[in-house]
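# Inside the fold
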Amino acid sequence: MNSSGWRCIGIVLALLIWNVPAALAHTIGLSSGEYRAGPDRIDASIIFARDEAIAGFPQIDRNGDKDISQAELDESAAALKVALASALVVQAQSVDCPGETRALTLTENNGLQLDLRFQCAQASAGYLVRFALFDKLTVGHRHLAHVQGTQAQETQVLFESAPQFELAPGAASSLGSSIVALFTLGIEHILTGYDHLVFLLGLVLIGRHIRSLIWVVTAFTLGHMITFGLAALGWLTPDPGIIEPLIALTIAYIGVENFFVRDIRHRWMLAFPFGLIHGFGFGGALRELGVPQDELLSALISFNIGVEAGQLLVLLILLPLLWWLRRFAIFAKYGTAVISSLIVVAGLSWFFERVIG
Amino acid sequence: MIFAASCQPASEPAKPTLVSATNTAEILCLAPISGAAPDEPIARPHVDSTSANAWINRGRAWVLHARLSADPGFYLNVGACADQALSLEANHASALELKALVMMNMHDFAGARDLAASLVKSHPESASAFGLLADAQLELGEYDAALSNTQTQLNLRPNMAGHARASYLRWLVGDAAGARRLIVLALQDRNMADAEATAWTFVEAGNIYWNMGDLAAADAVYAEALKWVADYPAALAARGKIALAQGDHAQAIEWLSQSLKIRPLVDTAWWLGDALTAQAKTSEAAGAYAQAEAIGRRGDDLMLANFLASQKRDLDQALRLVDDDLKTRSSIYVHDARSWILYRMGRFDEALASSDAAMRLSTPDPKLIFHAGAIRLALGQREAGMRLLHQAVSLNPSFQANAVAEAKTLMSADAAPGLAAE
């Protein structure tokens, strides 16, 4: 998926929430899908709002709390994977291509992601894709199908009486363009991931010695690279409902610590475990892209390099700026306290937002 | 229901709308309005993206399409157009009206009321804003305020929409004669350019006669609706009900099936099940009832709850659905549904409290009155209960086959408390 497609997921999920308290409203469901065609297969990643997924498959919500926990998803996964393989009907030259559910993942913003692959018997110049879940979802459901065609990305708005579209293998399926796109997306992810940026600021705010800073940044980077890999490969995927509030708490903590610590020589010992927590967040972002399994390693490397490049870029701007600001007496006296306070407030706000919301 | 969406079928399956990706609101707003002429090439329409009014006009076209197609999903397109307009002019009154309309259709009645209330403050000359406010208040059970705002709407612009809304309100508060007089005024204002709205008003008029038990008059008015919009599903379903009441089961099945195909609603499938049962087509009737439940499970919680109560099953779930619905609105029909579920559960004291809330306007709706009578009878209030049951059946002796049969059983037998609930 390219960056505009990824951004779109956020917009779609924001739209799902609309202006209405979700638990009370009779919302019209809106799901989003990314569709990539290869010479002999279709890969699709579809994101539903969790309450919409529950409407279609009430058996997921075992405790009836109108949400899906990781445990509930794990319990239902086997049966759901079979049921959801028929979420799409893909045909090549009028012959059905068998489908397989490759992954079911809880995503940020109360989403449930479904990764599907349809392997056709032979290569085809075009496919017919039908979204086959409308009769299970709330009346009026809309599905935005982001389709990487041969020329540009297009979006098809599918609904019950217009459930299908045609798709031709596109340039986006080439590995080279995917690597560039994922590298760019990695940079974009860190630059638009305000929580990570605020954490990074908190981490280096009181550092005055380049050696200590290198240790801290390296420990954080190493930490998040490890869990990023584990999460992206699907080996360890903690519930975002736990990880996201934890990330917020690390931010608040680092802000608080800045009031009491003047020397960051030992902060690497904190930066490493905190990096482990943040890495799960990055891994979740990559999973949401629905990268096919056989392209996952190259995608992981490209995305990760992008994240590290973005982080380096931020530090190259941030550190000289902090050194320069410290020349001013007012900043030297109040700067750290004021910024750290704001970091604490931001961290706590995100924490409560993520726990309550 | 004043706000009932109405529809016109797309004769062929529509093509998906294909647009270049920009942002979701723009994609949804600019998606081609397809379906009426499916063979036409689908093209991205031209909208002056710098003009709020252009986005609003596009949004209004989607409103019409939503009503004609009976697909509430098109209100997403309406909301998207409103958002595009509001991104240009944050306080644009017409865009905010569209937003309020979308909120109504998403059952965010309190949000719609608040938005409409702020609109009438800033634009006291806007009749449509007063209409929106009244509609939201109707759903929220704020009937006095709804009456007052409908009156203001009529003072500002005495048109079909205002008169129809006023007629419905008069009927709700027990003034059937006033309702009839106002619906006639509404039809005198009918707009040749808006056939769907006129057809809807005819159906509303027919409903008044139906509730009064004047089946011939109701049928004639429903038939008139079909002259404005052929295959108008609300009118087809209504004529189906009348055919069933008159014993013409085959005709009832035909009209109800036709309506259901165009606009799948719980009550239409339910009536179809009743009609099929009356013709002893048991397995087909079971299919229709299963369809009613399936439709309800796709988002119509209130009707699903009513249906489950009628079937005397899944009552805990039905109560949960209604209680959830009560968090968003407090109309007499939600209270009535709750009262009937509680009655079925044997919780007669609680049922009475809900029934009192449902009957607080003295609405001459035979179903509400029947429920109130049965509940009182179950509580040992024999005189009041019998009086209400007689009133329900005499208002419309065929308001719903099963309910009428149940009422007659209660009236004829010296029923022990709670007999019908077992």
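Definitions and cut-offs
Residues numbered from 1 in each chain as written. Chains lettered and ligands numbered in written order. Predicted model: local features only at pLDDT ≥ 70, side-chain atom pairs only at ≥ 80, totals over all residues. Helix = DSSP H or I, 4+ residues; strand = E, 2+ residues; numbered from the N terminus. Buried ≥ 20, exposed ≤ 12 C-beta atoms within 10 Å, placed from the backbone. Contact = placed C-beta atoms within 7 Å. Axes fitted to C-alpha atoms, helices over the stretch in contact; angles between N-to-C directions. Parallel < 35°, antiparallel > 145°, perpendicular 65-115°, else oblique. Left-handed = near helix turned anticlockwise from the far one by under 90°. Nonpolar A, V, L, I, M, F, W, Y, C, P; charged D, E, K, R; others polar. Pairing = 2+ DSSP bridges. Expected span 1.5 Å × (residues − 1). pLDDT = per-residue confidence, 0-100. Core = buried A, V, L, I, M, F, W, Y, C linked by C-beta atoms within 7 Å.

Check the secondary structure of chain B and you find 22 helices and 1 strand. Within chain B, buried positions represent 56% of all 422 residues. Taking the contacts inside chain B whose residues are at least 6 apart along the sequence as the reference set, 51% of them involve residues at least 24 apart.

Let us now look at the packing of helix 2 (residues 52-69) of chain B against helix 4 (residues 93-105) of chain B. Residue and element names in this part refer to chain B. With their axes 10 Å apart at the nearest point, helix 2 and helix 4 run at an angle of 30 degrees to one another. On the basis of the axis angle, helix 2 is roughly parallel to helix 4. Along this stretch, helix 2 crosses helix 4, giving a crossing that reads as left-handed. Across the interface between the two elements, Ala52, Ile56, Gly59 and Val63 from helix 2 touch Ser94, Ala95, Leu98 and Leu101 from helix 4. Considering only residue class, the contact of helix 2 with helix 4 consists of 6 nonpolar, 2 polar and no charged.

Moving on, we come to the sheet that holds strand 4 (residues 95-96) of chain A. Residue and element names in this part refer to chain A. Taken in spatial order, the 4 strands of this open sheet run 4-3-7-10, and their pairing is antiparallel. Two strands lie at the open edges of the sheet, namely strand 4 and strand 10 (164-167), each paired on one side alone. Across 4 bridges, strand 7 (residues 127-131) lies against strand 10 in antiparallel orientation. Opposite Leu128, over in strand 10, you have Glu166 as the bridge partner.

In an α-helix, one turn spans 3.6 residues, which is why side chains three or four residues apart end up on the same side. Residue and element names in this part refer to chain B. Spanning 18 residues, helix 2 covers 25 Å between terminal C-alpha atoms, matching the ideal 26 Å at 1.5 Å per step. Listed as buried for helix 2 are Ala52, Trp55, Ile56, Arg58, Gly59, Trp62, His65, Ala66, Arg67, Leu68 and Ser69. Lining the buried residues of helix 2 we find helix 1 (24-30), helix 3 (74-88), helix 4 and helix 10 (195-211). Downstream of helix 2 by one or two residues, Ala70 has phi in the positive range, about 65 degrees.

This paragraph deals with the confidence of the model for chain B. Predicted coordinates in regions of low pLDDT should not be interpreted in detail. All names here are of chain B. With 90% of its residues at a pLDDT of 70 or more, chain B shows a mean pLDDT of 87. This stretch, residues 1-21, has a pLDDT under 50; its non-local contacts, to residues over four places away or in other chains, come to 75 contacts. Across residues 35-43 the pLDDT falls below 50, and counting only partners more than four positions away or on other chains, this stretch makes 14 contacts in the model.

Residue and element names in this part refer to chain A. Only one face of strand 7 is covered, namely the one carrying Tyr127, Val129 and Phe131; the face carrying Leu128 and Arg130 has none of its residues buried. Two strands pair when backbone bridges link them, and strand 3 (residues 88-92) and strand 7 are joined in this way by 5 bridges, in the antiparallel orientation. In the strand pairing of strand 7, Val89 is matched with Arg130.

Looking now at the pairing of strand 5 (residues 99-107) of chain A. Residues and elements named next belong to chain A. In this structure, strand 5 lies alongside strand 6 (residues 111-119), joined through 8 bridges in antiparallel fashion. Each residue of the ladder has a partner; that of Thr101, found in strand 6, is Leu116. Taking the residues that link successive antiparallel strands as the turn, the strand 5-strand 6 hairpin has 3 residues, and the phi of Asn109 there is positive, at about 55 degrees.

A separate point is the packing of helix 20 (residues 366-378) of chain B against helix 21 (residues 382-395) of chain B. Residue and element names in this part refer to chain B. It is the contact of helix 20 with helix 21, at a shortest axis distance of 7 Å, that shows an interaxial angle of 160 degrees. In terms of their interaxial angle, helix 20 and helix 21 are classed as roughly antiparallel. Seen from above, helix 20 lies across helix 21 with left-handed handedness. Contacts from Pro366, Ile369, Phe370, Ala372, Gly373, Ala374, Arg376 and Leu377 of helix 20 reach helix 21 at Arg382, Ala384, Gly385, Met386, Leu388, Leu389, Gln391, Ala392 and Leu395. For the contact of helix 20 with helix 21, the per-class residue count stands at 12 nonpolar, 3 polar and 2 charged.

This part covers the nonpolar core. As a rule of thumb, soluble globular proteins bury nonpolar side chains together. Of all hydrophobic cores here, the largest spans 177 residues; its most connected members are Ile42(A), Val78(B), Cys81(B), Ala116(B), Ala305(B) and Ile341(B). Those residues in contact with Ala116(B) that sit more than four places away from it in its chain are Ala100(B), Ala129(B), Leu132(B), Leu133(B) and Ala136(B). Counting residues in each nonpolar core, the second largest holds 44 residues, with Ala231(A), Phe280(A), Ala299(A) and Leu300(A) among its members.

Right, let's get into unusual backbone geometry. Of note, the phi angle at Gln93(A) is positive, near 50 degrees, even though the residue is not glycine. Among the secondary structure elements, Gln93(A) is positioned in the loop between strand 3 and strand 4. Here the phi dihedral of His107(B) falls at roughly 65 degrees; this positive angle occurs in a residue that is not glycine. Relative to the elements of secondary structure, His107(B) occurs in the loop between helix 4 and helix 5 (109-122).

A few words on the environment of Leu86(B). All names here are of chain B. Along the chain, Leu86 turns up in helix 3. Expressed as a C-alpha distance, the spacing of Leu86 and Ala52, which sit 34 residues apart in the sequence, is 7.2 Å. Not counting chain neighbours up to four residues away, the residues in contact with Leu86 comprise His92 and Ala95.

Let us now look at helix 18 (residues 332-345) of chain B. Residue and element names in this part refer to chain B. Compared with the 20 Å implied by 1.5 Å per residue over 14 residues, the 20 Å span of helix 18 between its first and last C-alpha is a close match. Of all 14 residues making up helix 18, 12 are buried, and the element is well covered by its neighbours. If you check which residues of helix 18 are buried, you get Tyr333, Val334, His335, Asp336, Ala337, Arg338, Ser339, Trp340, Ile341, Leu342, Tyr343 and Arg344. Next to the buried residues of helix 18 lie helix 16 (301-311), helix 17 (315-326), helix 19 (348-358) and helix 20. Backbone geometry just after helix 18 places Gly346 at a positive phi near 80 degrees.

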